[in-house]
Each structure stands twice: as structure tokens, then as C-alpha cells.
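Here is how the chains run, residue by residue.
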Amino acid sequence: MTETADLAPSLGKIRPAAGFASDYGETPAPAAVVRPKPVRVVVIGEFNSGKTTLVNALLGAAVLPASFTTHTAYPTVVRFAARPSLRAEIAQRRRVPFAWDELDGASTHQIRRLHVGMPLDPLRTLRAVDTPGLGLGDESLDARTLRSCRSADVVIWCTPAMQAWKASEQRAWLALPQAARRRGLLAVTFMDQLRGASDASRLLARLSTDAAPLFKRMVTASAHAVDPDLRAALAAGATEAGG
Amino acid sequence: MGHEAPGLGEVSPVEPPSQPAETIGAPLEAARTALRDLVTRVGGLLGEHAAPLLDVARRQLEERSCRIAVIGQIKAGKSTFINALARRPGLLPTDINPWTVVVTALHFRAAPTPPEHAAVFHLFSVDEWRELAEGGGRLRELTERLVPGFQSDLLRAQLEVMRKRAERRLGPKFPELLGQCHRYQTVSPQVLADYVSAGDADTWPGQRRHYSDITRSAELHFNDSPFAFPITLIDTPGTNDPFLVRDEITRRSLENPDIYVFVVSALQPLSAGDIAMLRLLNGLHKDRIVVFINRADQLPNLSADAPEVKAAIERRLRTELPSLNIPVVFGSAWLGNLRLQAEAGALPPSATREPTPASAAPCAREAELRRRPETASDHHAGSEPARAVPAVHISCGMAEVSAAITRLMCTSGIAMLLRQIALCLAELVRTADVTDRAELQSILELIEARRRESETLARRVAEEERSLAAFEDHAKALSGSFEEVEAHFRGIIATARELLHSQLGTTVREFASREAAYLQQALQEKQRCSAWRCDVMPLREEMEEAYLAIVERAAKDLDQVEGLLYPQLRMIVSSLLPTYHGGLLEGPAWPEGAKPSVAPLGDRVTVDLSVSLWRRWFSSRRISKERANHLRCLIEDDFLKIADELVQEAETYLTERVDYIMGRVRAVSSGLKTGVERRTANLARERALLEGVGDAEAAERFETEQRQRAEACRERQGAYAAVLAELQSVIEGLDGAQGESRMG
């Protein structure tokens, strides 16, 4: 109980994302109904490619802190919970409470991943894993992140629209086992940053020949809107996984 | 775009006064102009013997430009940056997709008349095309060495795409075009797009001919330069291009620029690839890099993020590359272009300064996103942005980057070249000064002697003859010793060569064995080593250190021999004119701080290939000992070749230096000799008169001539002094600019 009280200040930061029109949340599923197992979505990509923003957009709330200067440091699992909770997993799978603003300081524990529980409706059908960005120079961290895709139902690779699909991204993606890539979605993020209406179509035309064939599907995303195709693809992933 | 930033609309909409970018290279241009004028004046003062040296200097002053390479990953905004720096928005074609595929050199030189050809495009030769499009170039070669028989499907598919596209765009007979050179009187965006842009995959049949697939290089010439000093800007296709063939072309075609501008995106600054490239560049070209953090206007929360991003980048650079102090400039080339357009009246000024209401923008953007993509027909509609531009209060960074470039120029090879030219001119003038003073003295003495009595004159003539004969002896001995000294120089170079060869070879072999042993040990401890990487950066550093140390030692030996040479020359000078203290031939001729090229160390080697290829290597070789041996061979093959190239570079560098030293002493001694020859001729006439050949009229004529010559010598002394004073002030200016830029 005391833990919940401790969490209150950091949870206060959570607010609905601006302008976000949720497809969920209008009619919460009754708790009694037997729900299918939530689809496990792992979001990967290079640093600052909009992974955390995409997770927040999917959830319809700024659950995770997204920033251009401090990167996501640990894999973060977001799942449904009746009450908000923030736990850090340390050695021997022990979990201890944490607050976001404690993370950048020197932690006494070796954190393996973070667990965030939230009473948000989208989380009834989906469990999201946000990951540290690739390509910051720590190859063993990159390898760990890529391994986490193996158990995912859906793997979303984020590529930022302004500098989309570089050789390093292609290399990292192709290094994944084919089984993981078959469950892959290419999310072109920051679509709202493009500098002209025609840019989007030209960019997507290139990506559809150069990158999309390496994925099950290509979708677009921005901080304020999630391509309906992405939700459809996630729902499809859920059917496949849940069957 | 900062819509989220509360109160951004209240930020003073007053733009920083739009000032032209600092004229790049102004301090050096002042020196260059002064020197060009001085070369002409010195040419008028000095005789034929100086002409070859002066011609070289004149050509260097006319032709040498500062080469600035703009490099970075794809879509960092390199072409946009060049457009803004050159103050020509829309010049180089840009696009949302990787667009620049050909290395493009833009030559800017202030000249009264436009260049004969504004654009020159060289297409690949038949051999180059075959090597690239059919062989896959160096990348393929390295891959073949790592995993024989394996060619990445991706590379193969891409080569196929390239061949097919060239055929579709240029017709089945396109190989006939190879080896051609296309010239244009004017540069138009359309022509540039035809030769340097990637172009769209499927819009070309039946349209304009699109040559970029087979274009090797593009040269653009401009005579109305926005820069002070002659500048060549080099636009490059981005690195980290998933189209592997293009990545290869870029790496190969960057030849020795004076300065690098490394453009990175503020959104994903300094990835592992960026750092690796900076580390390599820094190893190779210390003190010659500016980092430009581009696209600041695209930070989602500009006012809050900008300072933080900049601080984070500077911190990262300090941790990753602690040894150096790379200037970092934060800005937006896109904004720079926009301001230039606004200045030119192409855009209403409001487009660059009116912030959009914070609430309206996100909805508009969202609506736009929900629209399905339209056809690509409207692309290239113009450079007018569809985006709102609230980023008025940030600096576009162009003035700062220009200042940083100017500072680097003041310590670059160009500044050293100018200094060297100034020193060389001063030396020639001092030599002429010495000979003239000596001649004047002898004429005056002879005239004086003649006035007294003929006996004294005879004695004086005999004395002068002896002194000149002594000079001849000295000079003969000297030219003998020149040959000896030159042989000595060559010996030093040969020794350095041997030493480099054996030491670099040992360094490479020891490193390769060590790495092989590590690998074998690692494999014994753990069978799966998928994350194992061999880092050859330490080897590169070790080789560089050994190389520079040996070359340095050889250079010191050269200095010492050079030091033995000068006293002999000075002795001759004092035999001509014991009272002269003009400071001739002091110190080594070679500019301090000039370093030999380490470019071969930047070559891509097999070990640099990607992790996935190495994984394949692991799976194709099962026995750990065999793996270790193969690794050793790979390292040795690549780096022994690099070692050979370094030996070559060292030899070129040291030979250039010796040639320069010898050129200098030869110019000085031949200057002295010319003076002496003139005096010998005079003396012969004097002797003839003395011995009664010729009449009184001839004697009078001779005397008048001698008086005129003496007068001319006196006049020239004034001119020499003036030229020397000006050269001194040029040198001081260059030194001052260099000192300032070191401090700044």
C-alpha cells in the first residue's frame, strides 16, 4: 500500500496525449468476460526513432516519458493493471518500485527492465515493450534488445520519416531471425515532421519498394495520430497469436 | 516544430538582422591578393633566374582553392547545407529520399568573366563501370575475401537494379556513352537533376535522359563567389545508404579535402556510425573538422530541446573523442535557405516570421496525415515549404559555421602554402639585395680608384679579379657539395623507407597474431562468439604513430643536413659583401607543422564489414584454429597493403621537402652567380680599357654606364626594402590569423 502512495507523484505526470483520438476506451470491456491473451508488441528501432512516442500513441496516453535528449535506458514492459504501478526488475527477477525521475541518477541496483502497469483499456488487448534505441555504440546492448523480439507476437520497427531506412537499420533488421521478421511491421514515425504534402507520398513510394518487402506491412505514425492500419495489423497479430 | 512550447508565439518575432554569412577565408584572401601583386613586382625586379620559382608561386596563388568536403549520413541535409552556405537556395536538388548520388564539386572563384563551361560531367569509363556494376567494386572484393563465394543477395539485387535502370533510362546502347564528358554553358536545376540526382524508380521511360547512374563526377564553376577566398565545396552522397553501391562510390571518391564539414541531424545526432566516421577522420585529419548539427528546426520542442541537445552532443564528443576539440555549430540549413529566399523577395517575409497559433497546427497536421498519399505528380513543385515556420528565433547557424571554417582555414595547409610563398619571395629579394649591394660597392670602388690614378685602378682590378675567382672557386665547391648534400638527402629518405617498411610490417604482423590468438582463446572458452568483433582502430592508431615518428625523425635529419648547407652559402654571401646582415637563409625552409598524408589508413578493410557477414564467416569455418589463421591473413593482407601505401606517401612527402630545399638553395646561389657574372663582364671591359684597348670615348661611355648601373642598384635597394616590408606584414598577418584561430 505504501508503494502506491509513493508512486502517486510520478503518476501525476501521466496525461492524455494532445489531440489523440482514441479508438478504444469508449466502451470498456466488462471485467467478467474471458479476454484473449494480450498481443505482445515489441517496439524497436534506432535511437530517437519515435519508439516511446509510438507506444504512448498506441495507448492514447503519455504513459512513458519521451525525450530527444534522454534515451530510453531499459526495456520497458507496459501491461494492464487495475492500479498504476511502476516496478524495476533487478537481479533474481526481484522487482522494486521506482519513479521516473530517479532513473537517471545512480541506481543502487542493476536494473534489467522496467514494468509499468496501467489501468488503460488498450492494454486489455495489448502488452507493449518499449526498448532502448539501437545504434548508440553499445553492441551488446543492441544484441540484447534484438533478442527480445524473439518472443513477440508483433515486432514494430520504427524508422523516422525525416531520415528513413538507413543501411544500419537494414543491417540490424536483416540480422534478426526470419521468424521474427515475418511478424514485423515497419512504422514510419514523425510523419507530421515532413515538409510538404508531396514528401509523404514520395517517401512512402521509396520505402514500399526498398524496405516494405522485408516486413509484413508498412504503416505510418506521428505523435498525434496512429495509422488505422497499425491498429488493424495489431488486431490481426492478436488473432494469429491468440488462436 | 515547437508548437507544443507554450508561449512560443510571444517570442519576439524580430529575426536576428539578416547579415550575409561571414565571407569565408577573408584573412587568407588578403594575403593571397597581396602576394599575387608582390609576385609580379618581384618578377619585375629580379632577373631570369627567378622566373621558374615565381611561375610556380603564381600558379599556386591562382589555382589553389580551399577544398571543403561536406559529409554525413544520408538525409542529414548536406545539399541543403551547401545551398545555404553558397547563398543559392534551390541550386542543388534536394528531396525527401536520398537524392545526391554523384560527388559534386562546386568551384567558387571571384572572376570578372563567367567560366567557359559552367558544368562539366564525367561519365564512368568502360572499366570503371564494369568494375562497379558487374563486379560490385571494393565492397564485393572485401566480402569475397571474408566469405569466398558468397555475394550478398542484396548487393547482387542492387547491382541488377542499377544496370536495368541505366538501360531503361538511357537505352540498351548506354555502354556507348561510357567514358564521355558532357559540358554545359550554364547550370540549371534540370541539368543537375539529370546528372547528380537519384531520380525516381519508374517515371523515366520516354522522358529526359537521366545519366546519374553512370556519372562519375560533376564539376560546377561559378564566377560570382559569395566567399572571399577561392573555395571548392564538395557535395557527397550520404554514407549509411542502404543502396550499397552508392555508399561505396562516396567512400572512394573523397580525395584529400582541406576541411570537412560533418553534417548530422539534430534528431538522431552522433549514432555509432557517425562516431566511427569521426574517429577515423580525426585520426587522419586532426584539426580539420567542423560538426554542423542540422535540422534543429525539426526538434519537437525546440526552445526546450535545443540547448539540451547541443550540450548532450558536446558531452558525447568529449567522452568519445577526448583528445580533440571539434567546433560544434547548431542550426538549420533549411531555415538558412528560407531566410535567403525571403531576403531575395521570393517569399513573403511573413512566411519566415509569423508563428502559427499553437492550437491549430496539430489538427492540421493530423488531417493531412489521414489523407491517403496522392500521386507523386506534384513533386519538385518548388522550394516553398508547406510547413509553418515558427522557428524564427533560432539562428540558422550559417554565420557561425562560416566563422568556424575561416578559423580552420587559417591553420590549414593553405595558410602554410601562402606563408611558404611569402618566405620564398623574401629570400629571392634578399639574394638580389646582396648581389646588388656587392655590385654597387665594387662599381663605386672602381670609379673611386679610376679617379685617383691608373696604377691604383690596375691594382683594384686585379684585386677584384682575385675576389671573383675566389667566388668561382667557392661556387664550384658549393655546387659539388650540393650534389653531395642531395645524395645525402636521398640516403636519408632511403633509410626512412626501409625503416618504415620493416616497422609497419612488424606492427601489422604482431597485431594480426595477437588478434588471432585472442580469437582462438575466446573460441576455446566459448563456442558461440556471435558478438565477437575485431577492432582494428588500435592498429590504425599504432601504425599512424610509428609512421609519423619515423617520418618526423627523417625530417629532423633533413633539417640537420639543410643546416650544414646554409653556412656555406652564407660564407659566399659574406665573401661578396662582408657587411651584409639581411638575415638570409636562416632556419629550415619547410613550413613548420606540415604533416605527411595518412589517407591510406582510412581505407575500408575486411574487418570493417558488417556483423552479419562476420556471422556468416563464423558459420562457414568450423575449426577454431583455421578461423584464427584466416583472421590473421585477412588483417595482414589488408594492412600490409596500407603499410606499402604509407611508405609511398612518406617517400613522396620527404622527396617534396628535399626538392623544395634544393630549389631554394639553387635559386639563391644562381641569383648570386648572375650578379657575379655581370661583374666579371664589367671587369673584363675595365681590364681592356686599362690595357689601352679602345679610346677615351669608350672609356667615358663605360664610366657613364657604370654610374647609371650604380644609380639603378641604389634605386632597387629602395624597392627591395619596400617589398620585404610588405612580405613581412603578410607573414605577420598570417601568423596573427593563425594565432587567433588557435585561441578561438
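These remarks concern the structure in this document. (Residues numbered from 1 in each chain as written. Chains lettered and ligands numbered in written order. Predicted model: local features only at pLDDT ≥ 70, side-chain atom pairs only at ≥ 80, totals over all residues. Heavy atoms only, no water.)

## Topic: the sheet that holds strand S7 (residues 259-265) of chain B
Residues and elements named next belong to chain B. Sheet architecture is open: nine strands sit in the order S4-S3-S5-S2-S6-S1-S7-S8-S9, paired in mixed fashion. The open sheet is flanked by strand S4 (181-184) and strand S9 (328-330), the only strands paired with a single partner. Sheet twist, expressed as the mean angle between neighbouring strand axes with direction ignored, is 20 degrees. Where strand S1 (residues 66-71) meets S7, four bridges bridge the pair, whose relative direction is parallel. Looking at S7, one finds that Ile71 is bridged to Phe262. (Pairing = 2+ DSSP bridges. Helix = DSSP H or I, 4+ residues; strand = E, 2+ residues; numbered from the N terminus. Axes fitted to C-alpha atoms, helices over the stretch in contact; angles between N-to-C directions.)

## Examining the sheet that holds strand S6 (residues 126-130) of chain A
Residue and element names in this part refer to chain A. Within the open sheet, the 10 strands sit side by side as S4-S3-S5-S2-S6-S1-S7-S8-S9-S10. Their pairing is mixed. Unpaired on one side and paired on the other, strand S4 (95-97) and strand S10 (225-226) mark the two borders of the sheet. Strand direction decides the pairing type here: strand S8 (residues 184-189) and strand S9 (residues 217-222), joined by four bridges, are parallel. Of the residues in S9, the one forming a bridge with Ala187 is Val219. In the packing of helix H6 (residues 197-210) onto the sheet, contacts are made with S8 and S9, and the angle to S9 comes to roughly 150 degrees. (Contact = heavy atoms within 4.5 Å.)

## Quick look at the pairing of strand S7 (residues 154-160) of chain A
Residue and element names in this part refer to chain A. Of all seven residues making up S7, seven are buried, and the element is well covered by its neighbours. Residue alternation in S7 divides its side chains into two sets, Val154, Ile156, Cys158 and Pro160 and Val155, Trp157 and Thr159, and both sets are buried. Both S7 and S8 contribute to a ladder of six bridges, which runs parallel. If you follow Cys158 over to S8, its bridge partner there is Ala187. (Buried < 20%, exposed > 50% of the residue type's maximum accessible area, 1.4 Å probe, protein only.)

## Here's the deal with the pairing of strand S2 (residues 76-80) of chain A
Residue and element names in this part refer to chain A. Note: S2 against strand S5 (residues 113-118), five bridges, orientation parallel. When the bridges of S5 are listed, Val78 appears paired with Val116. Across three bridges, the pairing between S2 and S6 is antiparallel. When the bridges of S6 are listed, Thr76 appears paired with Asp130.

## Some details on the packing of helix H1 (residues 26-45) of chain B against helix H15 (residues 413-452) of chain B
Residue and element names in this part refer to chain B. At their nearest, the axes of H1 and H15 sit 11 Å apart, and the two run at 25 degrees to each other. Taken as axis vectors, H1 and H15 run roughly parallel relative to one another. Here the hand of the crossing between H1 and H15 comes out left-handed. Facing Leu28, Ala31, Arg32, Leu35, Leu38, Val39 and Val42 of H1, the residues of H15 in contact are Ile414, Ala415, Leu418, Ile421, Ala422, Leu425 and Val429. For the contact of H1 with H15, the per-class residue count stands at 13 nonpolar, no polar and one charged. (Parallel < 35°, antiparallel > 145°, perpendicular 65-115°, else oblique. Left-handed = near helix turned anticlockwise from the far one by under 90°. Nonpolar A, V, L, I, M, F, W, Y, C, P; charged D, E, K, R; others polar.)

## Some points on the pattern of salt bridges
Per the stated rule, a full pass over the model turns up 40 salt bridges over all chains. Between Arg202 of chain A and Asp95 of chain B there is a salt bridge; the shortest N-O distance is 2.8 Å. A residue pair is termed interchain when its members come from two chains, as with Arg202 of chain A in helix H6 and Asp95 of chain B in the loop between helix H3 (78-85) and strand S2 (103-108). A relative accessible area of 3% means that Arg202 of chain A is categorised as buried. (Salt bridge = Lys/Arg side-chain N within 4 Å of Asp/Glu carboxyl O.)

## Let's talk about the nonpolar core
All names here are of chain B. Leu35, Phe81 and Leu233 are the most contacted members of the largest nonpolar core, which has 123 residues in total. Of the residues forming this core, the biggest block, 11 residues, is contributed by H15. Beyond its immediate stretch of four places on either side in the chain, Leu35 contacts Leu61, Leu418, Ile421, Ala422, Leu425, Leu727 and Val730. Counting 72 residues, the second-largest nonpolar core is a separate cluster that includes Phe471, Val607, Phe618 and Val658. (Core = buried A, V, L, I, M, F, W, Y, C linked by side-chain atoms within 4.5 Å.)

## With respect to the environment of Leu689 of chain B
All names here are of chain B. Following the sequence through the fold, Leu689 ends up in helix H19 (residues 624-690). Along the sequence, Leu689 and Lys673 sit 16 residues apart, while their C-alpha atoms lie 24 Å from each other. Apart from residues no more than four positions distant in its own chain, Leu689 is found in contact with Asp695, Ala698, Ala699 and Phe702.

## Concerning the interface of chain A and chain B
With 44 residues of chain A at the interface, the matching set in chain B holds 52 residues. Summed over both partners, the interface of chain A with chain B comes to about 4200 Å²; 53% of that surface belongs to carbon and sulfur atoms. Run the count over chain A and chain B and you get one salt bridge. The interface formed by chain A and chain B contains 10 residue pairs in polar contact (both at pLDDT 80 or more). Elements that contribute at least two residues to the side of chain A that touches chain B include exactly helix H4 (167-174), H6, S10 and helix H7 (228-242) of chain A. Ranked by residues supplied to the side of chain A that touches chain B, first place goes to H6 of chain A with eight residues. In terms of residue class, the side of chain A that touches chain B is made up of 19 nonpolar, 15 polar and 10 charged. (Buried area = accessible area lost by both parts, 1.4 Å probe. Polar contact = N/O pair within 3.5 Å; in protein donor to acceptor, adjacent residues only side chain to side chain.)

Treat this as a map of the structure, not an account of what it does.
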